[in-house]
Amino acid sequence: MIQTLQEMLSYPFISRAVIVGILVSLCAALLGVSLVLKRFSMIGDGLSHVSFGALAIAMAMNIAPLKLSIPVVVIAAFFLLRLSNNSKIKGDALIALISSSSLAIGVIVISRTTGMNADVDSYMFGSILAMNDDDVNLSIILSITVLILFVLFYHQLFSVTFDENFSKAAGINVSLYNMLIAFLTAITIVLGMRMMGAMLISSLIIFPALSSMRIFKSFRLVVVSSAVISVICFIIGMIVSYQYSIPVGASVVVVNLSVLILCSLVGKH
Amino acid sequence: MSIVTCKDISIEYDGKVAVDQVSFTIEQGDYLCIVGENGSGKSTLVKALMGLLKLKSGEIEINKELTLGGIGYLPQQADSQKDFPASVYEIVLSGCIKSKGLRPFYNVKEKQRVKDNLERLNIFDLRHKSYRELSGGQQQRVLLARALCATDSLLVLDEPVTGLDPVVTAELYDIIEELNRREHVTIIMVSHDVRMATKGANKILQMGRKVLFFGKTKEYINTSYAKALLGGGH
């Protein structure tokens, strides 16, 4: 296995993908714990579809994809959060509405411009070839920023995740921290989407958190173990994808699924 | 010295007037119990006190000197908390979130406060246990310890005994009463258990969207409301 890994890393495009992939898996897993516990898992899914739409438009307009999709998805994240808190349409229905609409817009834009080709396929299901050096550098900077912000505000995020009302009464600016979670999630999704694909990126957020919640009982351990699980699953998924020539996104999800099943079995005893 | 003053407050909830021109004053060291039927606006009133809901009119004054800017709140439990993976220690520690400010870590003084409150409520031995494995009564103690970490001067409890069995309920009321008597913590509690309320509290606020009664417990038990609810067997 070590040998395969060495062989893989000798290709520059794979080593780039591995670096970005590890950082994104780490961010996704940390945020995932809060999102799952706050019952916001579907937001990840919604945002990835918005990201798909934004990417399609960026391609049509010949703009660097990350530069357009990051601000669009961040705005969508705030919007979803706002509306799911106080609106007549319930949160989950709203997310479904926004996901399918942005997917539809994306598909229309693509078919009117470049046509449905391999690019669309790589957006939907991910590709490690999608990133150039600029993208990689931006991804590294952004994901390290996400990690630093998460660590700095860890205690606030815990308090807001566990009990919004108490935190508000204690004088914490809850909506600010909710927005921080949405903001960090949006960035993580955009960064991870190119590799994992729009259809699969939300699994990176949900699976590791669920797996570690089967086994660990304190918040800190759940957060740490979900980060570890996420990175390990990504590396194994990457190797499997290389060995059997399958898309990375799909193989990472399947590895995560196996770990979840394993954790559920262990957690029962 | 008055710690909370409400002047003519009205609150709308879901487009309906839930609290209608309510005024009352709470002195330092009081134990106020807010009673009333379902939908009488008791919880809404408390949420507004905590700054969670907007007032339609009127004003709430909370003495900042006495509360040091914080109120210890024990909200009604949310469903999502029942399977939340967090240790008792982590939850109680989060009570110090306000004093921590933007410092990324809790300091020694805050950790000592957590230890003191864990011991005060007799849950120090449970500190490494997971919250979701505790019984309902133990969970309420944890949340009470967290509230006490936020402040020692004013506690607000929203139906703290919902779903607890009679023995545990009585225990929890004893703890609250003791905090009030011995340590002079001002208490505001929402309850629909009038019998228990009249036992511990020195003041009663009977809600029915408007204030139906506000005053000393001794006077309350002679009112028609109390007689109806207590069935005369008091």
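Worth saying up front: this structure is predicted, and the values here are computed from it rather than measured.

Trainee: Whenever I open this one, the overall build of chain B confuses me. Can you help?
Mentor: Looking only at helices and strands, chain B has ten helices and nine strands in total. For chain B, the C-alpha radius of gyration of 18 Å lies close to 17 Å, the compact-globule estimate for 234 residues. Dimensions of chain B, computed from the C-alpha atoms along their principal axes, are close to 50 × 40 × 35 Å. Out of the 234 residues belonging to chain B, those deemed buried represent 52%. For chain B, the computed accessible surface area is about 11000 Å², with 49% contributed by carbon and sulfur atoms. If you average the places of the 31 positive and of the 29 negative side-chain charges in chain B, the two averages end up 2 Å apart.

Trainee: Can you walk me through the state of the cysteines in this structure?
Mentor: Put plainly, a disulfide is one covalent bond tying together the sulfur atoms of two cysteines. All names here are of chain B. Tallying each qualifying case throughout the model produces zero disulfides over all chains. Among the cysteines around Cys6, which has no disulfide bond, Cys33 carries the closest sulfur, lying 16 Å off. For Cys33, a relative accessible area of 0% corresponds to the buried category.

Trainee: Sorry if this is basic, but what is going on with the pairing of strand E8 (residues 203–208) of chain B here?
Mentor: Successive residues of a regular strand alternate their side chains across the two faces of the sheet. All names here are of chain B. Within E8, five of the six residues are buried, which leaves it mostly tucked inside the rest of the structure. Relative to E8, strand E3 (residues 31–35) runs parallel, the two being bridged by four bridges. Of the residues in E8, the one forming a bridge with Ile34 is Leu205. The pairing of E8 with strand E9 (residues 210–216) spans six bridges and is antiparallel. Bridge pairing links Gly208 to Lys210 in E9. Count of turn residues in the E8/E9 antiparallel hairpin: one residue, of which Arg209 carries a positive phi of about 70°.

Trainee: How should I be thinking about the UniProt feature "transmembrane region" (unreviewed entry) in chain A in this particular structure?
Mentor: All names here are of chain A. Feature annotation in UniProt places "transmembrane region" (unreviewed entry) on residues 13–37, 49–81, 93–115, 136–157, 177–207, 219–240 and 246–267, given in this structure's numbering. Secondary structure content for residues 93–115 is 87% helix and 0% strand, and the end C-alpha separation is 30 Å. Between the end C-alpha atoms of residues 136–157 there is a gap of 28 Å, over a span that is 95% helix and 0% strand.

Cut-offs and rules
- Residues numbered from 1 in each chain as written.
- Chains lettered and ligands numbered in written order.
- Predicted model: local features only at pLDDT ≥ 70, side-chain atom pairs only at ≥ 80, totals over all residues.
- Heavy atoms only, no water.
- Helix = DSSP H or I, 4+ residues; strand = E, 2+ residues; numbered from the N terminus.
- Rg over C-alpha atoms; globule rule 2.2 N^0.38 Å.
- Buried < 20%, exposed > 50% of the residue type's maximum accessible area, 1.4 Å probe, protein only.
- Areas by Shrake-Rupley, 256 points an atom, 1.4 Å probe, with all protein chains shown as cover.
- Lys, Arg positive; Asp, Glu negative; His and termini not counted.
- Charge placed at Lys NZ, Arg CZ, Asp CG, Glu CD.
- Disulfide = S-S within 2.5 Å.
- Pairing = 2+ DSSP bridges.
- UniProt positions renumbered as here; feature names shortened; annotations may be inferred.

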